[in-house]
Amino acid sequence: MNSFFLFQTKYLYPLIVLLIACSFSIFFPDTVNSYLDKWSKFDESLGHGFLIVGIVIFETFRSFKTYQPTKEKHNHLLLVVILLTTLFHEVATFWGILIFQQFSLYAIWGLAIIYILGYKSFKQMLFPFLFFLFAVPFWEFSNTFFVDLTTLAVTIFLNFTDLTVFIYDNFIETPFGIIEVAEGCSGIRYFEIGFALAVYAVHGERLSWKLKLLVILTGIILGIITNWIRVLGLIYIGYWSEMKSPLMSEHDNYGFLLFFIVISAVIFQVNWLSKRYTLPNTNVDTKATSETGSLTSHNIGIKSLTTLVIIASTSYFTFQNIESTLKVGIENNISNQSQFNVLSTFGSFTENEKDFKVKAQECTLITRDYRFISPGDNVLPYDMVYNQELYSQLESNSTTINFNNSNVAVMHLSLINKLKRKKTELYFWYEYNNFYTTNKYIAKIFEISYLLKTEATMKLRAVQCSE
């Protein structure tokens, strides 16, 4: 009986938690694939996702190791909440709001655990459940902020140097080429990993909440500053080597070593604080406390070694496959791009062009008829109307233009070519059976026409005015 009880608490509970998560691949395959897709791209902000999952699995089993469950009454109202959350997830899936899909799936996981195992059991594994947030792909929405922050920091530092540079938005122009502080070098990966590792380093340490917060803030700050040092160093290297240094195209190991060295300070900080400010363990008797105290340094050493291994693995997998996060544009190497290559080529469509005037300016009207391959997939480029590899957005606003002798509400984007530094004004709207809209969520409702097997197609109309 005791052996079964031990199996139930030590292995069965965490297996149920993982089984619930694995079952989502059957019931919510699209959202699960969106997670896996982000984790599989080691050159993006969540390249450390699989390692976070590994820590979550380890900590889930660890949290139930000595847990003694008590009988809890099932709250059947949770089934209603789970049903409503599932409906919310399906609506978010239809509308294509990925962040709502991912968070609703995360919420369903937590609600299912509470309903099946009980609230007290869920509370027992609260840390690994919350730690999984570091693997939820919502961090990338702050990427633009980190690009701007890195650009601002580098600009301030460059003011104290004798380098001859011209800085425009996130472009740094030197006499030898243009360096773009692109999304890949925003530093969001360093921020996420520094944050996650600091949280994991203080987990289980008997430190006051103030000291734990200090360690976490240190990890965050070091992660951000590391990227500033890395970008600034590459600017110096590119400047003095006239963009000929191999590091300008292959700087993976450079970033990895720099991050590993700087972020290791968090572990030494935790060790130093634990040796001097460890709180007494009030849950054991004097003898046990004495024995625990004699093993404190040994435990800290083991945990530090484990965390350093995690740092090394995380850094390696995150940075080894980054192609070139600092995009260097040298005028002689810029290939000639078509002037109509502003729009994204996403989806299946037929396209035609004709001359068009906007406020007496000669422009081009591009009309695309999109063919639905499958509902919700390969339809309109709602989130990537323009070619984001070649162009950056300067500003956007709503306006009206004259189309077919009537004023049509359109979205107006001011774009700049990342390499040629030429501006393009882009006006676009969606059209279905002579109904015009700029709202991508309203336009997405028209995809129902595919399910009804109607002959009508959706159109994307874009007016492009280039310099």
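Residues numbered from 1 in each chain as written. Predicted model: local features only at pLDDT ≥ 70, side-chain atom pairs only at ≥ 80, totals over all residues. Heavy atoms only, no water.

Enquirer: What am I meant to see in the packing of helix H8 (residues 143-158) against helix H10 (residues 209-240) here?
Expert: Relative orientation and spacing of two packed helices are given, respectively, by the angle between their axes and the distance between those axes. Where H8 contacts H10, the two axes come as close as 10 Å, and the packing angle between them is 55°. Compared by their axis directions, H8 and H10 come out oblique. Read as a crossing pair, H8 and H10 show a hand that is right-handed. Judged by residue contacts, Phe-146, Leu-149, Thr-150, Ala-153, Val-154, Phe-157 and Leu-158 of H8 engage Ile-224, Asn-227, Trp-228, Val-231, Leu-232 and Ile-235 from H10. For the contact of H8 with H10, the per-class residue count stands at eleven nonpolar, two polar and no charged. (Axes fitted to C-alpha atoms, helices over the stretch in contact; angles between N-to-C directions. Helix = DSSP H or I, 4+ residues; strand = E, 2+ residues; numbered from the N terminus. Parallel < 35°, antiparallel > 145°, perpendicular 65-115°, else oblique. Left-handed = near helix turned anticlockwise from the far one by under 90°. Contact = heavy atoms within 4.5 Å. Nonpolar A, V, L, I, M, F, W, Y, C, P; charged D, E, K, R; others polar.)

Enquirer: I'm lost on the state of the cysteines in this one. Help?
Expert: Two cysteines form a disulfide when their sulfur atoms are joined by a covalent bond. One pass over the structure, following the stated rule, counts one disulfide. What pairs with Cys-363 in a disulfide is Cys-465, and their sulfur atoms sit 2.0 Å apart. One disulfide, between Cys-363 and Cys-465, carries an S-S torsion of 105° and so falls in the right-handed class. In this pair, Cys-363 sits in strand E6 (residues 361-370) while Cys-465 sits in strand E11 (residues 458-466), placing the two residues 102 residues apart along the sequence. Exposure remark for Cys-363: the relative accessible area of 4% places this residue in the buried category. (Disulfide = S-S within 2.5 Å. Buried < 20%, exposed > 50% of the residue type's maximum accessible area, 1.4 Å probe, protein only.)

Enquirer: Teacher, can you tell me more about the environment of Asp-169 here?
Expert: Relative to the helices and strands, Asp-169 is located in the loop between strand E1 (166-168) and strand E2 (171-174). With 22 residues separating them in the primary sequence, Asp-169 and Val-147 have C-alpha atoms 9.9 Å apart. For Asp-169, the residues in contact, after removing those within four places along its chain, are Thr-151 and Leu-394.

Enquirer: Quick question: what am I supposed to make of helix H2 (residues 29-40) here?
Expert: Working note: α-helix, 3.6 residues per turn, so residues spaced by three or four point in the same direction. Taking 1.5 Å per residue as the helical rise, H2 with its twelve residues ought to reach 16 Å, and the 16 Å between its terminal C-alpha atoms agrees with that figure. Listed in full, the buried residues belonging to H2 are Thr-31, Val-32, Ser-34, Tyr-35, Lys-38 and Trp-39. Along the axis of H2, the buried positions cluster into a sector of 155°, meaning they face one direction only. (Expected span 1.5 Å × (residues − 1). Arc of directions from axis to C-beta.)

Enquirer: I'm lost on the packing of aromatic side chains in this one. Help?
Expert: Each aromatic ring pair is specified by the distance between its two centres and by the angle formed by the two planes. What the rule picks out here adds up to 35 aromatic pairs. Their ring planes at 70° and their centres at 5.0 Å tell us that Phe-122 and Phe-129 sit as a pair that is edge-to-face. Under the relative-accessibility criterion, Phe-122 is labelled buried at 9%. Note on Phe-129: relative accessible area 8%, which makes it buried. Through successive ring pairs, a cluster of aromatic residues spans Phe-103, Phe-127, Phe-131, Phe-134, Phe-138, Trp-139, Phe-145, Phe-146, Phe-191, Phe-195 and Tyr-200. Geometry around Phe-349 places Arg-368 over its ring, the cationic atom sitting 4.0 Å from the centre. (Phe/Tyr/Trp six-rings, centres within 6.5 Å; stacked < 30°, edge-to-face > 60°. Lys NZ or Arg CZ within 6 Å of the ring centre and 35° of its normal.)

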